[in-house]
Structure formats: structure tokens, C-alpha cells
Amino acid sequence: MKMADQSAKSAVVSALAPICVDNFQHAAAAKATLAELKATDSWKQDAFIEKGGWATFPGMEAPNNNVAEACAKMLNALK
């Protein structure tokens, strides 16, 4: 059962992280915000994404920490 839970969580992250990145990139002042994200300590970047609202999706009351972490990693990989 634990493996199924992990697989489901992984699928959610795989599906939502690119949407998080897209939402981030279409937000106002995205370039400046990306620079701010990259200047933030790596261990605080998921909180930065959560606070910005990019890891909270319709039907969710709170941001998904795993999505925020994956989203931050993907954004950091951008030039």
C-alpha cells in the first residue's frame, strides 16, 4: 500500500510541477521573481513558491510541498 501511495504522490508531482512553472512564468514580473527565487537559499525555495501561490491548485486548501520543491528545481534549471 505504501508503494501505491508513493506512486500516486509522484504522479501528482509530475503532473502539477510543470503547471506550477507555467503559472510562475506567466505571473507579473516573472523575470524579477525568478531572479529573486534563484537568490533565495535552496532550502527555502519551496516556501518561496508556496508563498507565491504557484503550488496551490483549484480544490486544494494549501500548497503541495512536493510540487513546490519540484517546481523550484525546474525553475532553477531555466536560463
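Here the structure is a predicted model, which means the values were calculated and not measured.

(A) The arrangement of the side chain of T33 in detail. Turning to its location among the elements, T33 is positioned in helix α2 (residues 30–39). Judged by its relative accessible area of 15%, T33 is buried. Apart from the residues within four sequence positions on either side, T33 is in contact with F24, A28, F48 and W54.

(B) Structural detail: the nonpolar core. Residues C20, F24, L37, I49, V67 and L75 are the most contacted members of the largest nonpolar core, which totals 19 residues. Elements represented by at least two residues in this core include exactly α1 (2–25), α2, α3 (45–52) and α4 (65–77). Filtering out sequence-adjacent residues up to four positions away, L37 remains in contact with F24, Q45, F48, I49, A72 and L75.

(C) α2, seen in detail. Those residues of α2 lying buried are A30, T33, L34 and L37. Along the axis of α2, the buried positions cluster into a sector of 105 degrees, meaning they face one direction only. Away from its buried face by more than 90 degrees, α2 exposes K31, A32 and A39. For α2, the elements touching its buried residues are α1, α3 and α4.

Reading guide: rules and limits
Per chain, residue numbering runs from 1 following the sequence as it is written. Local features in this predicted model are restricted to residues whose pLDDT is 70 or higher, and side-chain atom pairs enter the listing and the counts only when it is 80 or higher, whereas totals over whole chains, interfaces and linings include all residues. Calculation of side-chain values draws on the structure's entire complement of heavy atoms; hydrogens and water are dropped beforehand. Starting at the N terminus, helices and strands are each numbered in turn, a helix being any DSSP run of H or I of at least four residues and a strand any DSSP run of E of at least two. Working definition: with a 1.4 Å probe on protein chains only, accessible area under 20% of the residue-type maximum means buried, over 50% means exposed, and in between means partly exposed. In this analysis, two residues are considered to be in contact whenever any of their non-hydrogen atoms come within 4.5 Å of each other. In these notes, a set of buried Ala, Val, Leu, Ile, Met, Phe, Trp, Tyr and Cys residues joined through side-chain atoms within 4.5 Å is what counts as a nonpolar core. Working definition: the arc comes from the directions between the helix axis and the C-beta atoms, pointing outward to the latter.

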